[in-house]
Amino acid sequence: MATMYLVQAFKLSGKKLIADPVQQSKSADKAMATAERLAPSRAGVIAFSQEVDIETDTYDEPRVLLRIGSLPPGLMEG
C-alpha cells in the first residue's frame, strides 16, 4: 500500500464550480500548504490522502486533510 496526497481546487464559473486538474503532493503537509496557497485564487480547495494498493489497483476511502471555501455538495463529506 502507498499513500497518495492530493489537492483538488475549484474555480467558480457563473454558478458552477469547475474542477482544476488534481495535483499530487509528496506529504500531507505539502498538500495542505498547496491548498492554502491556492485558496485565495479559487472558490474552494480540498486536500486529501488516499491509500492505494498498486498491485490490485484498489483505493481506500479518501481522508480529508483540509477544506477551504466552496466545494461541490457531498464532496468527501462524512
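Residues numbered from 1 in each chain as written. Predicted model: local features only at pLDDT ≥ 70, side-chain atom pairs only at ≥ 80, totals over all residues. Heavy atoms only, no water.

## Overview of the pairing of strand β1 (residues 2-13)
Look at any regular strand and the pattern is simple: side chains alternate between the two faces of the sheet. Of the strand pairs in this sheet, β1 and strand β4 (residues 44-53) are connected by nine bridges, and their pairing is antiparallel. By the bridge assignment for β4, F10 is matched with G44. Two elements, β1 and strand β3 (residues 23-25), share three bridges in a ladder whose sense is antiparallel. Each residue of the ladder has a partner; that of L6, found in β3, is Q24. In this sheet, strand β2 (residues 16-19) lies alongside β1 in antiparallel orientation, the contact comprising four bridges. Within β2, the residue paired with K11 across the bridge is I18. (Pairing = 2+ DSSP bridges. Helix = DSSP H or I, 4+ residues; strand = E, 2+ residues; numbered from the N terminus.)

## Remarks on the pattern of salt bridges
Scanning the entire structure with this criterion turns up two salt bridges. One salt bridge in this structure joins K11 and D20, with 3.7 Å as the shortest N-O distance. Judged by relative accessible area, K11 falls into the partly exposed class, the value being 43%. For D20, a relative accessible area of 11% gives the class buried. One salt bridge connects D20 with R42, and the closest N-O pair in it is separated by 2.5 Å. Taken together, the positions of D20 in the loop between β2 and β3 and R42 in the loop between α1 (28-38) and β4 put the pair 22 residues apart, joining distant regions of the chain. For R42, a relative accessible area of 25% gives the class partly exposed. By sharing partners, the salt bridges in this structure join K11, D20 and R42 into a single network. (Salt bridge = Lys/Arg side-chain N within 4 Å of Asp/Glu carboxyl O. Buried < 20%, exposed > 50% of the residue type's maximum accessible area, 1.4 Å probe, protein only.)

## Let's talk about the nonpolar core
Within the largest apolar cluster, 10 residues are counted, these being Y5, V7, A9, A31, A35, L38, A39, V45, A47 and L65. For this core, the secondary-structure elements that each account for two or more residues are β1, α1 and β4. (Core = buried A, V, L, I, M, F, W, Y, C linked by side-chain atoms within 4.5 Å.)

## Overview of α1
Residue pairs three or four apart in sequence face the same way in an α-helix, which turns once every 3.6 residues. Within α1, burial applies to A31, T34, A35 and L38. The buried residues of α1 all sit within an arc of 100 degrees when viewed along its axis, so they share a single face. Along α1, exposed side chains directed more than 90 degrees from the buried face belong to D29 and R37. Turning to α1, the residues buried within the fold contact β1, β3, β4 and β6 (63-69). (Arc of directions from axis to C-beta. Contact = heavy atoms within 4.5 Å.)

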